[in-house]
Amino acid sequence: MIIKKLSLYNFKNHTEKRFEFSPQINCFVGNNGAGKTNILDALHYLSVGKSFLGNTDLNNIKNEEDFFTIEAEIGNEDSEDIIKILQPKESKKIIKKNDKSYDRMADHIGYLPSVMISPYDSNLISDAGESRRKFLDSMISQTDSEYLFNLIQYQKTIQQRNALLKYFAKNRTWDRDSLEIYDEP
Ligand SMILES: Nc1ncnc2c1ncn2[C@@H]1O[C@H](COP(=O)(O)OP(=O)(O)OP(=O)(O)O)[C@@H](O)[C@H]1O
Ligand SMILES: [Mg+2]
């Protein structure tokens with residue numbers, strides 16, 4: 001599977017750009033600030049639906065504009081797919097494969113697996129375990145949909161458990177039974 005073509009519209013500093021890629025190695029050459037890393041970020045969006053630089057989706061819309069789109073032509077062995085991401089300013093991000101919207105982003109993850117390596121990866125060594133876990137979770141989720149499903153469930157449970165702990169702290173109360181509902185999963 002290869003990404004044959006990429007079109008960007010109002011994505012960060014790219015007003016309207018089209019790229020055709022080689023099936024082998026591709027290099028981007030340009031001045032500082034020309035938008036090379038932003039192209040990689042667009043490819044990361046196509047893979048997992050978000051920026052690898054940690055920006056919010058809305059910050060990736062070109063300044064003063066109302067939406068961005070990222071569109072790619074993906075060549076498989078004997079067919080082609082079009083993946084399109086639309087992020088409007090006022091509503092939810094939409095991701096489509098061949099004009100059909102996904103219900104959940106999780107259904108797309110794994111279709112176009114990617115590994116992003118950048119200077120920021122020194123964080124993986126210097127930061128606390130959280131960034132290492134995130135990195136591994138993201139890699140494994142792309143090849144194992146059950147892992148991704150369990151991870152999403154786990155994160156929901158942790159969020160609810162934390163909300164309960166905060167509630168206990170705020171109201172100076174404690175209820176072991178309600179906490180155990182979350183400990184089991
Ligand atoms: N939402 C946005 N709207 C407009 N411009 C943006 C937006 N987000 C980022 N930029 C611009 O993108 C540019 C940075 O692009 P990028 O980091 O891709 O450059 P680069 O070619 O990788 O540069 P370097 O060679 O320094 O790594 C900056 O000029 C920044 O202002
Ligand atoms: Mg760069």
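All values reported here derive from a predicted model rather than from experimental measurement.

A look at the domain arrangement of the chain
Here comes step 1: The domain boundaries assigned to the chain delineate domain 1 (2–119) and domain 2 (149–183).
Here comes step 2: When each unit is reduced to the centre of its C-alpha atoms, the spacing between domain 1 and domain 2 is 36 Å.

Digging into the nonpolar core
As a rule of thumb, soluble globular proteins bury nonpolar side chains together.
Here comes step 1: The biggest cluster of nonpolar side chains holds 22 residues, and the ones touching the most others in it are Leu-6, Leu-46 and Ile-70.
Here comes step 2: Every element with two or more residues in this core is listed here: strand E1 (2–11), helix H1 (36–48), strand E3 (67–75) and strand E4 (80–88).
Here comes step 3: When residues of this core are assigned to their parent elements, the largest contribution, five residues, is made by H1.
Here comes step 4: Leu-6 has contacts with Lys-17, Arg-18, Phe-19, Phe-21, Ile-39, Leu-43, Leu-46, Ile-70, Glu-71 and Ala-72, leaving out every residue within four places of it along the chain.

As for the site of ligand 1
Here comes step 1: In the neighbourhood of ligand 1, 14 residues make up the surrounding shell, with Gly-33, Lys-36, Thr-37, Asn-38 and Asn-59 lying closest.
Here comes step 2: In the model, a nitrogen atom of ligand 1 is placed 2.9 Å from a nitrogen or oxygen of the Ile-61 main chain.
Here comes step 3: Relative to its unbound accessible surface of 660 Å², ligand 1 loses 64% to contact with the protein.
Here comes step 4: Its residues assigned to classes, the shell around ligand 1 shows two nonpolar, nine polar and three charged.

Considerations on the packing of aromatic side chains
Here comes step 1: Applying the stated criterion across every chain yields a total of eight aromatic pairs.
Here comes step 2: With a centroid separation of 6.3 Å and 5° between ring planes, the pair formed by Phe-19 and Phe-21 is classed as stacked.
Here comes step 3: Consider the rings of Tyr-45 and Phe-68, whose centres lie 5.4 Å apart with planes at 80°: the pair is edge-to-face. Of the two residues, Tyr-45 sits in helix H1 while Phe-68 sits in strand E3, which places them 23 residues apart along the sequence.
Here comes step 4: The rings of Phe-11, Tyr-45 and Phe-68 are connected pair by pair, giving a single aromatic cluster.

Reading the values: rules and limits
- Residues numbered from 1 in each chain as written.
- Chains lettered and ligands numbered in written order.
- Predicted model: local features only at pLDDT ≥ 70, side-chain atom pairs only at ≥ 80, totals over all residues.
- Heavy atoms only, no water.
- Domains from an automatic or database assignment.
- Core = buried A, V, L, I, M, F, W, Y, C linked by side-chain atoms within 4.5 Å.
- Buried < 20%, exposed > 50% of the residue type's maximum accessible area, 1.4 Å probe, protein only.
- Helix = DSSP H or I, 4+ residues; strand = E, 2+ residues; numbered from the N terminus.
- Contact = heavy atoms within 4.5 Å.
- Near = heavy atom within 4 Å.
- Polar contact = N/O pair within 3.5 Å; in protein donor to acceptor, adjacent residues only side chain to side chain.
- Areas by Shrake-Rupley, 256 points an atom, 1.4 Å probe, with all protein chains shown as cover.
- Nonpolar A, V, L, I, M, F, W, Y, C, P; charged D, E, K, R; others polar.
- Phe/Tyr/Trp six-rings, centres within 6.5 Å; stacked < 30°, edge-to-face > 60°.

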